[in-house]
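# Summary of structural features
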Amino acid sequence: MTHMEMKNPEQKHVTISTRKPLQNSMIQQTSADIIPSNEERLENAKLSSGRRKGRRRGKGAKVEQLQEPKLDLSMGSHDSSKGLVFHRRPGYGQLGRKCMVKANHFLAQVPDTDLSQYSVTITPEVASRKINKSIMAQLVKLHRDRDLGMRLPVYDGKKVLYTAGLLPFVSKEFAVRLAEEDEGTGVAKEREFKVTIKFVGITSMVQLREFLAGKQVDTPHEIIRIFDIVLNQLAAQRYVSVGRCLYSPDIKNPQQLGGGLQSWQGFYKSIRPTQMGLSLNIDMSSTAFIDPLPVIDFVAQLLGKDVFSRPLSDADSVKVKKALRGVKVEVTHRGDVRRKYRISGLTSQPTRELIFPVDEKMNMKSVVEYFQEMYGFTIRYSHLPCLQVGNQRKVNYLPMEACKIIEGQRYTKGLTDKQITSLLKVTCQRPRDRETDILQTVNQNGYELDPYAKEFGITVDEKLASVEARVLPAPWLKYHDTGKEKEYLPQVGQWNMTNKKVINGSTVNYWACINFSRSVQESTVSGFCHQLVQMCKISGMEFNPEPVIPIHSARPDQVKKALKHVYSAAANKLGGKELELLIAILPDNNGSLYGDLKRICDTDLGLISQCCLTKNVYKISNQYLANVSLKINVKTGGRNTVLLDALSSGIPLVSDIPTIIFGADVTHPETGDDSCPSIAAVVASQDWPEVTKYAGLVCAQAHRQELIQDLYKTWKDSQGGTVTGGMIRELLLSFKAATGKKPLRIIFYRDGVSEGQFYQVLLYELDAIRKACASLEPSYQPPVTFVIVQKRHHTRLFASNHNDRSSIDKSGNILPGTVVDSKICHPSEFDFYLCSHAGIQGTSRPAHYHVLWDENNFTADEIQSLTNNLCYTYARCTRSVSLVPPAYYAHLAAYRARFYMEPDKPENAIPNCMRTSNESCVRPLPALNEKVKNVMFYC
């Protein structure tokens, strides 16, 4: 099917005649034309949530075919002033109950005076930013009074230096001597560096002033970066700097995480342009550091066993080597001489077997003898290997017991589940406590006494910003008419399934169960399955009480064999009909079993599966069973609930014409992995007007590539013809197949994009959407709204009065539905913060939505209430969630797809290997089976 023919003649590509689709956000091109009482509130919410005010749009709105010039969104090095312009804020939201909240933003006032920029050249060149800063600090210390005209410059650690006024020279060379310690030999050497400082130009404040005033000018990244450097200059001398975060063991006592690690508390700090001016965003942070222990104690904690009397196994040695490589240590066997070294490896032999040449005649001596004779140091644990320090040419051996780990080294490798749990406990702070710590941090930083802030005339407010917010009303939800409660209005972001039945219950006639847990008896599994089936029935599903075949028990290492056996045995019994659901009982700690099972079921067998852990089988709770039944219902094609407004055509810019809502996300390999591909996932609604069922597609792409490569793609077939495809095209076609209509409006929620990538992602992915639509019909160009969703930011919102019970939920957080679109938001672009969920523990993190492109011309109220209302339709629980569901589902699908990757194979053994632009090879994921592709298999 190459075209989406429209059987209904009224279903044309439409836009509303009262608006121009490109009036506020457009592409400007030089070679082409511009392309163009509370009860009342609850009752109103029930009848007409999100009703548009002052709009001539309704059921009888006039529509016309969109005649739109062709968009050229080809990739290139665009500047926003002459390329793509982000959508401007159309106004502020009015819907909801007004209230005041506090935000962890502190107004930073800066002077209007221009700044001076200088280039810095250090000879010989040094790669370490830390050493560069030490060189510059020494230069300023020696020459500030005379040669620098009393100026106190700030330096970025690379090539640029800034001053609050001109220096008394245009170019000058300085000689600086600095003592450095060689990490291989531990010997301190004094080196001389030549530092040339040369005037580059004046950095004007005009652009910043215009930008903060809301005028459409490019973001003054350079000026904002300068003020960031100024406020970071003193802090970086006091704390350990990790990206934009600063850590110290003195902020709070370090907490043990186990395995030789401890957590240090610190804070995140960033200057942001907002409607109130420049704002200093401060938030608390914690991360893992290596405990500054004697190395031998660290190894004992890492392995969790006695290493003082037993030699290390090969597996232990590999683990220790991995953990210690790159770690700095100091020696402890030489009294006050504490030379420092960096560990490069571990010896393969124990210390007692190590010998090395002591002179040019190759006379050999053992390490044990050498340390005894040279330092009078007796090695007690000679059964352990030595640390290797230095480079390959000259390797030095150091006994573990003679070394201590230097304080302040962040642990960059992966944490265990237990360590992650411990770290989360440390970082989990109630809102009142977090606010107190943030205020204390600002106070400790003492910006009023900071010499660099004084030099540049920066003052920082010591109070959290007080911001006007609104609490949006919760939407009414529709359940099945056979339940006692046919409609329900959630209270404080949560509800339950008591007296309710799912609006569309699926039918499961043929199901089976595999038990992979040796500790669970078959009778227990049978009892569990019986109770789960009953709960599914109570929830509104039709469910055969008996499995197709008896419960099958299997070993976890026989997963493929067991699945194939159950699948074929069921097929034989059913005589042509297919198994619809597999229930799998897994051990609590199941290693790769879960991933293997999902990979085989999703890609090979095309079998919907529901996994249950042993602990939940033994300790059966109705809440658990109810949640699992919700998952089973949507996985097997049902719907749990829909927005009441969706059924009464009451959702603005969704209910009027067929609308498809996309969610997209890219997940990257964990830190330290430098080769695994990134996984992209796209989901799209497959029902209209309900917009609750989402089909999902996944693909692998180049390592850490953020742009989704497979949104639209073309390739040559065997006859040399061009074939078009890609995830957008496929999902548009499946929407047409499911609804009988083609989408006349696209809303695209894109997760996981940092601010620095907004422009590139919009340019590339909007172009892909356009091309995918045009590949179906040349004139098919439905209007697109492109919204970035961010959860990885550091803005937190607090109740103005923590004692006011009416303004907080049970966890002490702000109420679900709280939205902010003023003061701390962008000066001119269309963004807002929405806390759509009720807090459970810790401090709630609002989602940050940024409408980059909007041809549908949403008002602030429309996009905010749509986003908030969708958060109540998440299929896996009866809670409003923190992230708009399509983006959440895309994240789940991408997470699931990581299990589809097969174990590593050499490149030349990879069939259908896709070559990326840098010639790296990306192995395609196995294709999703057609039987699972159009249901919510990822839930």
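Our structure is the block above this text.
Residues numbered from 1 in each chain as written. Predicted model: local features only at pLDDT ≥ 70, side-chain atom pairs only at ≥ 80, totals over all residues. Heavy atoms only, no water.

## Digging into unusual backbone geometry
With an omega dihedral of -5°, the bond running from threonine 123 to proline 124 counts as a cis peptide bond. The residue after tryptophan 688, namely proline 689, is reached through a cis peptide bond having omega 15°. With respect to the helices and strands, proline 689 occurs in the loop between β34 (678-685) and β35 (694-701). In this structure, valine 492 is a non-glycine residue whose phi angle is positive, near 50°. Position of valine 492 relative to the elements: it lies in the loop between β25 (487-488) and β26 (507-508). Residue classification places valine 492 among the partly exposed residues on the basis of a relative accessible area of 41%. (Helix = DSSP H or I, 4+ residues; strand = E, 2+ residues; numbered from the N terminus. Buried < 20%, exposed > 50% of the residue type's maximum accessible area, 1.4 Å probe, protein only.)

## Points about the nonpolar core
With 92 residues, the main nonpolar core has Trp511, Phe543, Tyr749, Tyr849, Tyr889 and Tyr938 as its most contacted residues. With sequence-adjacent residues up to four places away left out, tyrosine 938 is seen in contact with Val683, Tyr694, Gly696, Arg876, Tyr889, Leu892, Ala893 and Arg896. Ranked by size, the runner-up nonpolar core spans 57 residues in total, among them Leu208, Val230, Leu278 and Val460. (Core = buried A, V, L, I, M, F, W, Y, C linked by side-chain atoms within 4.5 Å. Contact = heavy atoms within 4.5 Å.)

## Comments concerning the packing of helix α13 (residues 559-574) against helix α14 (residues 593-605)
At a closest axis distance of 10 Å, the pairing of α13 and α14 adopts a crossing angle of 40°. As judged from the angle between their axes, α13 and α14 are oblique. Seen along the crossing, α13 lies across α14 with a hand that is right-handed. Of the residues in α14, those in contact with Val559, Lys560, Leu563, Lys564 and Tyr567 of α13 are Leu593, Asp596, Leu597, Ile600, Cys601, Asp604 and Leu605. Its residues placed into classes, the contact of α13 with α14 shows 8 nonpolar, no polar and 4 charged. (Axes fitted to C-alpha atoms, helices over the stretch in contact; angles between N-to-C directions. Parallel < 35°, antiparallel > 145°, perpendicular 65-115°, else oblique. Left-handed = near helix turned anticlockwise from the far one by under 90°. Nonpolar A, V, L, I, M, F, W, Y, C, P; charged D, E, K, R; others polar.)

## Looking at the pairing of strand β5 (residues 115-123)
Sheet topology note: the β5/strand β9 (residues 188-203) ladder contains 9 bridges and is antiparallel. Following the sheet pairing, serine 116 is matched in β9 by isoleucine 202. (Pairing = 2+ DSSP bridges.)

## A look at the pairing of strand β43 (residues 847-854)
Here β43 lies mainly inside the structure; 8 of its 8 residues are buried. Of the pairings in the sheet, the one linking strand β39 (residues 784-790) to β43 comprises 6 bridges and is antiparallel in character. The residue of β43 that forms the bridge with glutamine 790 is histidine 848. Examined bridge by bridge, strand β42 (residues 830-835) and β43 share 5 bridges and lie antiparallel to one another. Residue tyrosine 833 lies in a different strand from β43, and its bridge partner there is histidine 848.

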